[in-house]
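So the chains spell out like this:
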Amino acid sequence: MKAENEQRTGLLYGFGAYGMWGLVPLFWPLLKPSGAIEILAHRMVWSLAVVGVALLALRRWSWIAEIARQPRKLGLTALAAAVISVNWGLYIWAVNNGQVVEASLGYFINPLVTIAIGVLVLGERLRRAQWAAVGIGFAAVLVLSVGYGRLPWISLTLAFSFATYGLIKKKLDMGGLESLAAETALQFLPALGYLVWLGVQGRSTFAAEGLGHSALLAATGLVTAIPLVCFGAAAIRVPLSTLGLLQYLAPVFQFALGVVYFHEAMPPERWAGFSLVWAALLLLTWDALRTARRSRALLAEASATAAAGAASPSASDTATGTGSAGAPAAPGTEAAPSREPA
């Protein structure tokens, strides 16, 4: 019962995290007339403030000395900070410039790009269904390039930057809150310097647009941190296969907002391209679920075999007429054969 409640709680956290990420296109336009770079700088500054308060409350500081003693880890953290800065900045720019649909495409194709990076960088071997999904995704990019009259560079940059960020995070192996704190700490001084420079130039909107605008810019820290906290809470409570399915909620919401709320154009060739992407994701999801089911079956079979082996009498026990517990075996009885799952 407790496990079921934990999983239900984890699902709620997961829906909360991906739901907030999916609805975030509604937030960035509220920050106009601030430009994308100014919004990004505020996001970096205020995110550090939020995670700093969280770390202070949790008293989790030991990782700072650890990362400071490891130049490689510090370098990877700096690289992660740079990559996610590109991702954040481009996404804000895309949303505030009427490209919500193309931005959502970036997160639809991100799983396919992650698989491709796994092959090219980590030397991973793909199953046939995964190769097919990647091939369909490549065809979708070609179709969308024809539809847009150019490569969907916003989608590709978002997908590749986030996939690269995931690869770096895998190598870093740090907790979500600690990792975000380290990254925003490295982003803080350049971001603060840019904001000070904007103020000196008289181009800052932080104080010029009223108290409400200032509060919204400060809220970028919460908009960044709260979904990550929910995601971390979900990740420890639900299986990764479930979390992998939930990740599609965000681009689905973003796509729906782009078409229904922001009224972005969707000519037939774009529908065709998106349909190919969705077909690739369905194939990928089916393959992941099938593989997870097979892994669980193999694990159950191995457990059952081990249990049967532990319960059956050993050869030496049989020879001396004793059972597995060392007591004399009852005359006329035989050890029951182990049963393997069909």
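Report follows, based on the coordinates. On a predicted model such as this, the values are computed, not experimentally measured, just so you know.

Describing a nonpolar patch on the surface
- Together, L23, L26, V252, F253 and Y261 line one region of the surface with nonpolar side chains, adding up to about 440 Å² of accessible area.
- If one sorts the elements of the nonpolar patch by residue count, helix α12 (residues 249-261) sits on top with three residues.
- Turning to its location among the elements, F253 is positioned in helix α12.
- Classification of F253 by relative accessible area gives partly exposed; the value is 33%.

Observations concerning the layout of surface pockets
- As a volume, the second largest pocket reaches approximately 300 Å³.
- As for the second largest pocket, its lining consists of 13 residues, and the residues nearest its centre are V113, V134, F138, V141 and F160.
- Looking at the lining of the second largest pocket, the elements that each hand over two or more residues are α5 (100-120), α6 (128-148) and α7 (153-172).
- Residue contributions to the lining of the second largest pocket peak at six residues, all from α5.

A look at the packing of aromatic side chains
- Going through the model one piece at a time under the given rule, you end up with 18 aromatic pairs.
- Taking the centre distance of 6.1 Å and the plane angle of 90° together, the rings of Y18 and F231 count as edge-to-face. On the criterion of sequence distance, the pair formed by Y18 in helix α1 (residues 2-23) and F231 in helix α10 (residues 220-235) is long-range, its members being 213 residues apart.
- Residues Y91 and Y107 carry aromatic rings whose centres are separated by 5.9 Å and whose planes lie at 70° to one another, so their mutual orientation is edge-to-face. Note that Y91 is positioned in helix α4 (residues 71-96) and Y107 in helix α5, a separation of 16 residues in sequence.

Basis of the calculations
- Residues numbered from 1 in each chain as written.
- Predicted model: local features only at pLDDT ≥ 70, side-chain atom pairs only at ≥ 80, totals over all residues.
- Heavy atoms only, no water.
- Patch = residues over 30% accessible without salt bridge, like charges linked within 9 Å, V, L, I, M, F, W, Y side chains within 5 Å.
- Areas by Shrake-Rupley, 256 points an atom, 1.4 Å probe, with all protein chains shown as cover.
- Salt bridge = Lys/Arg side-chain N within 4 Å of Asp/Glu carboxyl O.
- Helix = DSSP H or I, 4+ residues; strand = E, 2+ residues; numbered from the N terminus.
- Buried < 20%, exposed > 50% of the residue type's maximum accessible area, 1.4 Å probe, protein only.
- 1 Å grid on protein atoms, 1.4 Å probe; cavity = no way out; pocket = protein on both sides within 12 Å on 5 of 7 lines; lining within 4 Å.
- Points joined across faces, edges and corners; volume = space filled by probe spheres on them.
- Phe/Tyr/Trp six-rings, centres within 6.5 Å; stacked < 30°, edge-to-face > 60°.

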